[in-house]
Amino acid sequence: MGLLYLGTPLTWDEAKQYADHVREHGITQFLYTWDRVKDRCGDELLWGDEVEYMVVTFDDKEKNAKLSLRQTEILAKLSQVVGDLTDDDTPALMTVPTFHPEYGRYMLESTPGSPYTGSIPDLLSVETNMHYRRTLAKRHLKANEIPFTFTSFPRLGTHGIFTEPHFSSDDAKSSHSLFLPEEITNPHARFPTLTANIRSRRGSKVAINLPIFIDEKTPRPFVDPTIPWQRAIYQEDPEAKNGAALIDHIYMDAMGFGMGCCCLQLTFQSCNVDEARRMYDALIPVGPIMLALTAASPAWRGYLADVDCRWNVIAGSVDDRTPEERGLRPSKDNYTIPKSRYDSVDLYIANNWTNKPEYNDAHVPYNKGIFQRLRNHGIDEMLAKHVAHLFIRDPLVIFSETINQDDTTSNDHFENIQSTNWQTLRFKPPPPNSPIGWRVEFRSMEVQMTDFENAAFAVFIVLLSRAILAFNLNFYIPISKVDQNMARAQKRDAARSGKFYFRKDVLPPGHDTLTISPLSCSGSSTPVEGAPAKEKLLRNCFPPVPRPSCVEDGPIEDEYEEMTVEEIFVGKGSKFPGLLGVVEAYIDTLDVDEGDRLQINKYLDLVRRRAIGTDIISFSFETCSLQTPATWIRNFVRSHPSYNRDSVVSQEINYDLMVAVDEIERGVRRVPELLPEDYAPTNGYHSKPNSP
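Only a predicted model underlies this, so the values are computations on that prediction, with no experimental measurement involved. (Residues numbered from 1 in each chain as written. Predicted model: local features only at pLDDT ≥ 70, side-chain atom pairs only at ≥ 80, totals over all residues. Heavy atoms only, no water.)

When helices and strands are tallied, the protein chain shows 22 helices and 19 strands. Radius of gyration (C-alpha) of the protein chain: 25 Å, near the 26 Å computed for a compact globule of 692 residues. Principal axes of the C-alpha set define a box for the protein chain whose edges measure 80 × 60 × 55 Å. Relative to all contacts within the protein chain whose residues are 6 or more apart in sequence, the contacts with residues 24 or more apart total 78%. Of the roughly 26,800 Å² of accessible surface on the protein chain, 50% is carried by carbon and sulfur atoms. The centroid of the 74 positive side-chain charges in the protein chain is displaced by 3 Å from the centroid of its 96 negative side-chain charges. (Helix = DSSP H or I, 4+ residues; strand = E, 2+ residues; numbered from the N terminus. Rg over C-alpha atoms; globule rule 2.2 N^0.38 Å. Contact = heavy atoms within 4.5 Å. Areas by Shrake-Rupley, 256 points an atom, 1.4 Å probe, with all protein chains shown as cover. Lys, Arg positive; Asp, Glu negative; His and termini not counted. Charge placed at Lys NZ, Arg CZ, Asp CG, Glu CD.)

Formed by 200 residues in total, the largest nonpolar core has its most connected members in Trp 47, Phe 460, Leu 463, Phe 569 and Trp 632. If sequence neighbours within four positions are ignored, Trp 47 has contacts with Pro 115, Tyr 116, Thr 117, Leu 123, Val 126, Leu 266, Thr 267, Phe 268, Ala 458 and Val 462. Listed in part, the seven residues of the second largest apolar core include Phe 213, Leu 304, Val 637 and Tyr 643. (Core = buried A, V, L, I, M, F, W, Y, C linked by side-chain atoms within 4.5 Å. Buried < 20%, exposed > 50% of the residue type's maximum accessible area, 1.4 Å probe, protein only.)

Okay, helix 19 (residues 579-587) next. Of all the nine residues making up helix 19, eight are buried; the element is thus mostly covered by neighbouring parts of the structure. The set of residues buried in helix 19 consists of Leu 579, Leu 580, Gly 581, Val 582, Val 583, Ala 585, Tyr 586 and Ile 587. Along its buried surface, helix 19 packs onto helix 15 (451-470), strand 16 (499-503), helix 18 (565-570) and helix 20 (594-611).

The buried fraction of strand 2 (residues 64-68) is high, at five of five residues. Pairing of strand 1 (residues 47-59) with strand 2 involves four bridges; the strand directions are antiparallel. Following the sheet pairing, Val 56 is matched in strand 2 by Leu 67. Following strand 1, the chain reverses through four residues before pairing antiparallel with strand 2; Lys 63 in that reversal takes a positive phi of roughly 50 degrees. Relative to strand 6 (residues 163-164), strand 2 is paired through two bridges, and the arrangement is parallel. Counterpart to Leu 67 in the pairing with strand 6 is Thr 163. (Pairing = 2+ DSSP bridges.)

Next up on the list: the pairing of strand 1. Where a strand is regular, its side chains alternate between the two sheet faces. Along strand 1, twelve of the 13 residues are buried, which leaves the element largely enclosed by surrounding structure. Direction of pairing for strand 1 relative to strand 4 (residues 107-111): antiparallel, over a ladder of four bridges. Each bridged residue has a counterpart across the sheet, and for Glu 52 the counterpart in strand 4 is Glu 109. With four bridges joining them, strand 1 and strand 5 (residues 145-148) adopt antiparallel strand pairing. Following the sheet pairing, Met 54 is matched in strand 5 by Phe 148.

Looking at the protein chain, pLDDT values average 93 and 94% of them are 70 or higher. Between residues 617-621, whose pLDDT stays under 50, and residues either more than four places distant or in other chains, the model counts two contacts. With pLDDT under 50 throughout, residues 683-692 is counted as low confidence; its partners more than four residues away or in other chains account for 19 contacts. (pLDDT = per-residue confidence, 0-100.)

With that settled, the discussion passes to unusual backbone geometry. Look at the link from Glu 164 to Pro 165: it is a cis peptide, with omega at 0 degrees. Mapped onto the fold, Pro 165 is located in the loop between strand 6 and helix 6 (190-202). Each neighbour pair has its own omega, and for Arg 220 with Pro 221 the value is -5 degrees, a cis peptide bond. In this fold, Pro 221 is placed in the loop between strand 7 (208-211) and helix 7 (240-244). Positive phi outside glycine occurs at Asn 472, with the angle close to 55 degrees. Position of Asn 472 relative to the elements: it lies in the loop between helix 15 and helix 16 (479-489). Using a relative accessible area of 18% as the deciding quantity, one classes Asn 472 as buried. If you check the backbone angles, Cys 541 has positive phi at about 65 degrees while not being a glycine. With respect to the helices and strands, the residue Cys 541 is situated in the loop between strand 16 and strand 17 (560-564). Looking at Cys 541, the relative accessible area reads 31%, which means it is partly exposed.

Now for the packing of helix 10 (residues 286-293) against helix 15. For the pair helix 10 and helix 15, interaxial distance at closest approach is 13 Å and the crossing angle is 160 degrees. Considered as vectors, helix 10 and helix 15 are oriented roughly antiparallel to each other. In the crossing of helix 10 with helix 15, the sense of the turn from one axis to the other is right-handed. Within the contact between the two elements, helix 10 uses Val 286, Met 290 and Leu 293 and helix 15 uses Phe 457, Phe 460, Ile 461 and Leu 464. A class-by-class count of the residues in the contact of helix 10 with helix 15 yields seven nonpolar, no polar and no charged. (Axes fitted to C-alpha atoms, helices over the stretch in contact; angles between N-to-C directions. Parallel < 35°, antiparallel > 145°, perpendicular 65-115°, else oblique. Left-handed = near helix turned anticlockwise from the far one by under 90°. Nonpolar A, V, L, I, M, F, W, Y, C, P; charged D, E, K, R; others polar.)

As a further point, take the state of the cysteines. Evaluation of the coordinates by the stated rule reveals one disulfide. Disulfide pairing places Cys 271 opposite Cys 541 at an S-S distance of 2.2 Å. Taking the sign of the S-S torsion, about 95 degrees here, the bridge from Cys 271 to Cys 541 comes out right-handed. Taken together, the positions of Cys 271 in the loop between strand 9 (264-269) and helix 9 (273-283) and Cys 541 in the loop between strand 16 and strand 17 put the pair 270 residues apart, joining distant regions of the chain. Distance from the sulfur of Cys 41, which forms no disulfide, to the nearest cysteine sulfur (Cys 271) is 3.9 Å. Residue Cys 41 is classed as exposed on the basis of its relative accessible area, which comes to 55%. (Disulfide = S-S within 2.5 Å.)

Before going further, it helps to spend a moment on the packing of helix 2 (residues 19-37) against helix 12 (residues 368-376). Where helix 2 meets helix 12, the closest approach of the two axes is 11 Å, and the angle between their N-to-C directions is 25 degrees. Looking at the two axes, helix 2 sits roughly parallel to helix 12. At the point where helix 2 passes helix 12, the crossing takes the right-handed sense. Across the interface between the two elements, Arg 23, Glu 24, Ile 27, Thr 28, Phe 30 and Leu 31 from helix 2 touch Ile 370, Arg 373 and Leu 374 from helix 12. Considering only residue class, the contact of helix 2 with helix 12 consists of five nonpolar, one polar and three charged.

Quick look at the structure:
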């Protein structure tokens, strides 16, 4: 969640005076980094996951599941416990994990103690690692507290008691929210300052409106009776009745509704800067598809929404754009910013022949002075425009103690802006004075209820990333189509009923099959004596394919078409084997024993069964489709005995839902519509290999 300093944060009126200073020195810091590491090459694949939890406390007498606001106390205890552990105290192939604060005072973030390598044992340790972290956290909570990997708490901001302890929203001094108390926010100065400065810069509270799910008895029109329409404490209180709260929508008005969500993120180290840029671009069209497939958040502020995902909620929750930047009022130069600073990627950045100018077809404002400064320093146009686009944003949190820095050894001003551009992917330069290389962070997925699911999607994405590089796959479609896919991905049941733009032919020119061999212009592969040796590691450093002289470019519109999620994963036509097809072909190039392949297949089978729209029956096998968590949650609510078919997620329904999710995670409750029949949580421990 960005940089955490101990210091004196500036109010927005104070901070905006230093915005140009931070931008200028942030670019200076980037250029020092660039000069130092632009030619760095040969870094091995290292990667990691970030899993976020919400801690829920159960009041069995009142049948109320509430968010526990003990983050500070819990993290202090975990820090002490983790500090006393050694690697010998952890499961095999694992180091002591780390826990971090997040925006919500009920949230925890966990990461592995050290990065995973490209080894197969490391790949297959992910689920055990995740389970160990969950178990470690759970062990140091109260008896009635449970850490959930759950995207959005259904009753956050409802009328009634939804936190432990309970606080009033009347004292929400940083957000001025009608619904969320000040105490929902991490007390570190960064977080309330970020909340207040977004509101101040924007000139109003944030306004998030999700369409309500219309059930049989949902009032029409739906005018939310739980909004305190007449409250008059803060100057923004009239905004709801003056149009910010839309009819037939669920209205939310604070950063906490978005940044209080949990997610699953993955970061990969690349061989060099060019490979990182190729990987960044290749995963951009994958982001919306994975969002749809992991959809897990259909309930908000005590109501069922007609969407399944968190993305637009978070985008709205940190949208600091002024009315002029949003195009709601005329500006001097008609300057507008089309998106929130939390949104989908705006630009492809790879500097190679497969990245055609036509793919970057969206309007992307950028800081022209910064762009020219980067170009003058020798940065190519693609990367210069990417950085200059990030730097149209103002720094939102500045600590007085960090205004003046040594730009040769610090990158804090650069990260101040880089880390508050929250997009579906993040291109990450190496930190100063660090062995860490160029990285790509994949950020679109929703966190799943179980470690098995989270591990399955992590394993799938890391394997897909290697397949893209190994086979030189081309996933480019116009950015405008990626934006449309992001909107489609959030719709109810998008994984089943939606269609998404995707590239029809992902193979390199002249290829009819997936191959790692280099290609000649005639279309034939360079012959290899005997069968190629199988790789023992997932690796980096796959050279890109040079442009063949025989390539003829046709219309961009002929390169992609609408596909179902099933077609994107299983394949369509001879030129598109599907994402699962390319992953399985890549696994065939690895030296994997039978037992490990079976475990990998279990993960891929979950992805496959989520993707297929209907059950598949053939002479040799039967594959039953699985629901997304969002569909399962929606069905649970609607089938609950106390549900009144009015879109309301009551306190009792929410309590029973959270009990059920806990039972599912522990393997106590069987849900074959959501998880494989043989699902069982790992115990978190495997025997350590015998010492020599």
